[in-house]
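Summary of the model geometry
Letter by letter, the chains look like this.
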Amino acid sequence: MNTQITDSGHARAWIEISRGALAANAAFLKSRLPEHCRLMPAVKAEAYGHGAVPVARELSKAGVDAFCVACVQEGVALREAGIEGEILVLGYTHPEEFYLLEKYRISQTVVDREYARLLSGYGRKLHVHVGIDTGMRRLGERSDEISGIIDIFRTENLVFDGIFTHLSADDRLTAADIEFTLRQAREFDTVVSAIADSGFPVPKRHLLASYGVVNYPQLGGDYARIGIALYGMLGTTEDTEPWKAFLTPVMSLRARIATVRELYAGESAGYGNDFTADKNMRIATVTIGYADGYPRSLSNGAGRMLINGRYAPIIGRICMDQTSVDVTDIPDARQGGIATLIGRDGENEITACELADKAGTITNEILSRMGTRIERFVTE
């Protein structure tokens, strides 16, 4: 597949968000779920670096009406941008900020019994989802504390819109991991049954995130909190490969070439003189660096960029705002041209999976660390 790059016009570094890829990924993930199960996309951390507002706007056009975020400030930003529907805070909100939950119609996770009391103490109705800890051991009341969970549902001033758990081993399919995941699901069902048996209406249930949707879609629920899969991949190359025919990366990351210059044999370039030329060569300085979220661990040839459809290895150390690459074999590289750090240029491609592998991390981190000074554009 040959890709024609559209110049952003003026940006030093920018992200292109593919409208078509985002819609196709959402449709595919929805197709794996029971008919009644709706999507509740995770748009936390600026929608994994893509831009929470543009992503939420595009998904809203496609009929998605529920989103989850990590903190109340992320929810407020969506509301102020005009995003409607339910917004759920998955993490902790300080009691001094409970007023934001009410003012902006944002739902809050009940992280334990004591926190339910704090929410009730606000004195006005707040919408909540109750977190149940079935094995992750982060947030939520333990699933074996049935009486404590029932006490939460007796708490005044809380409107119970949902109940959820988080699967902690759904990314692997060993016999032990499958057994653990199915046990989590059974414990969650036991809690839900106990709530119903106690005479309380059972709110919307959700337990699946991205790996759950691809590996355990039969577990269903009323919502699925899709995250990394919505953006066209899973956490690693190994996990992504089986789904490449169905998931398309949404993000392309590009930056401007500031200069192209000669580097003569024996000369060094960059901080610490880490790179020394063993022959005459041409190098380009690209206007992006680790302050933009580009991993510094890709320095000294560990990473590469695409310029005019050809690979350009990184030379020397990645700087805060700039990175140098070898363009000796790319004679048409020029000042003002475009380098692709993630995405396709011509017949070649650099994926977030490739960057994650070389940086020793996962795609979630690579994408979500993209800086705020990188401009975002939605493309066709």
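Anything mentioned here points back to the structure above.
A brief look at the structure comes next. Quick caveat, the model's predicted, so the values are computed rather than measured. (Residues numbered from 1 in each chain as written. Predicted model: local features only at pLDDT ≥ 70, side-chain atom pairs only at ≥ 80, totals over all residues. Heavy atoms only, no water.)

In this section: the overall build of the protein. Of the regular secondary structure elements, the protein holds 12 helices and 20 strands. For the protein, the spread of C-alpha atoms along the three principal axes comes to 80 × 45 × 40 Å. Counting only residues that meet the buried cut, the protein has 52% of its 380 residues in that class. Long-range pairs, those at least 24 residues apart, make up 65% of the contacts in the protein with a sequence separation of at least 6. Total accessible area computed for the protein in this model is approximately 16,500 Å², and 49% of it derives from carbon and sulfur atoms. Of note, the protein has its 41 positive side-chain charges centred 2 Å away from the centre of its 50 negative side-chain charges. (Helix = DSSP H or I, 4+ residues; strand = E, 2+ residues; numbered from the N terminus. Buried < 20%, exposed > 50% of the residue type's maximum accessible area, 1.4 Å probe, protein only. Contact = heavy atoms within 4.5 Å. Areas by Shrake-Rupley, 256 points an atom, 1.4 Å probe, with all protein chains shown as cover. Lys, Arg positive; Asp, Glu negative; His and termini not counted. Charge placed at Lys NZ, Arg CZ, Asp CG, Glu CD.)

Relative to the helices and strands, Ala229 resides in the loop between strand E10 (223–224) and helix H10 (237–240). With 149 residues separating them along the chain, Ala229 and Val378 place their C-alpha atoms 18 Å apart. In contact with Ala229, other than residues within four places in its own chain, are Asn25, Leu29, Ser210, Leu234 and Leu247.

Counted by the stated rule, this structure contains 25 salt bridges. Put simply, Asp177 and Arg172 hold a salt bridge, and the shortest N to O gap is 2.9 Å. Note on Arg172: relative accessible area 42%, which makes it partly exposed. Residue Arg317 is joined to Asp274 by a salt bridge in which the shortest nitrogen-to-oxygen separation is 2.8 Å. Of the two residues, Arg317 is situated in the loop between strand E16 (310–315) and strand E17 (323–326) and Asp274 in the loop between strand E12 (268–269) and strand E13 (275–276); the sequence distance between them amounts to 43 residues. By relative accessible area, Arg317 is classed as partly exposed at 29%. Take Asp274: its relative accessible area is 38%, and that puts it in the partly exposed class. (Salt bridge = Lys/Arg side-chain N within 4 Å of Asp/Glu carboxyl O.)

This part is about the nonpolar core. One recurring pattern in soluble globular proteins: nonpolar side chains tend to sit buried together. Membership of the largest hydrophobic core comes to 109 residues, with the highest contact counts inside it found for Leu29, Val43, Leu119, Ile163, Ile288, Ile307 and Val325. Dropping the residues within four chain positions of it, Ile288 is found in contact with Arg12, Ala13, Leu253, Ala255, Met305, Asp321, Gln322, Thr323, Leu341 and Ile374. Membership of the second largest hydrophobic core comes to six residues, among which are Leu263, Ala277, Met281 and Ile315. (Core = buried A, V, L, I, M, F, W, Y, C linked by side-chain atoms within 4.5 Å.)

What follows deals with the side chain of Thr363. Within the secondary structure, Thr363 sits in helix H12 (residues 363–368). A polar contact is formed between the side chain of Thr363 and the backbone oxygen of Leu234, at a distance of 2.7 Å. Among the polar contacts listed, one links the side chain of Thr363 to the side chain of Asn364, at a separation of 3.5 Å. Once you skip the residues sitting within four places of it in the chain, Thr363 turns out to touch Ile228, Met233, Leu234, Gly235, Ala352, Cys353 and Ala356. (Polar contact = N/O pair within 3.5 Å; in protein donor to acceptor, adjacent residues only side chain to side chain.)

The next thing to look at is the environment of Ile307. Counting through the fold element by element, Ile307 comes out in strand E15 (residues 304–307). According to the relative accessible area criterion, Ile307 is buried, its value standing at 0%. Separated by 33 residues in the primary sequence, Ile307 and Thr340 place their C-alpha atoms 6.5 Å from one another. Not counting residues within four places of it along the chain, the set of residues in contact with Ile307 comprises Ile257, Ala312, Val325, Val327, Ile330, Ala333, Ile338, Ala339 and Asp345.

Our focus in this paragraph is the side chain of Asp177. Inspection of the secondary structure puts Asp177 in helix H8 (residues 175–197). Sequence-distant contacts of Asp177, that is, excluding residues within four places in its chain, are made with Ala169, Arg172 and Tyr216.

Not every positive phi belongs to a glycine, and Arg137 is a case in point at roughly 65 degrees. Of note, Arg137 is situated in the loop between strand E6 (126–133) and strand E7 (141–142). Of note, the phi angle at Asn308 is positive, near 50 degrees, even though the residue is not glycine.

Now for the state of the cysteines. Scanning the entire structure with this criterion turns up zero disulfides. Between Cys71, a cysteine without a disulfide, and Cys68, which holds the nearest cysteine sulfur, the sulfur-to-sulfur distance is 12 Å. Classification of Cys71 as partly exposed rests on a relative accessible area of 24%. (Disulfide = S-S within 2.5 Å.)

Let us look at the environment of Gly148. Here Gly148 shows up in helix H7 (residues 146–153). Spatially, the C-alpha atom of Gly148 lies 41 Å from that of Thr237, the residues being 89 residues apart in sequence.

So, about the packing of helix H1 (residues 19–31) against helix H3 (residues 52–61). At a minimum axis distance of 10 Å, the contact between H1 and H3 shows a crossing angle of 60 degrees. With respect to H3, the element H1 is oriented oblique. The hand of the H1/H3 crossing is right-handed. Of H3, the residues touching H1 (which contributes Arg19, Leu22 and Ala26) are Val55, Glu58, Leu59 and Lys61. Across the contact of H1 with H3, the residue classes tally to four nonpolar, no polar and three charged. (Axes fitted to C-alpha atoms, helices over the stretch in contact; angles between N-to-C directions. Parallel < 35°, antiparallel > 145°, perpendicular 65-115°, else oblique. Left-handed = near helix turned anticlockwise from the far one by under 90°. Nonpolar A, V, L, I, M, F, W, Y, C, P; charged D, E, K, R; others polar.)

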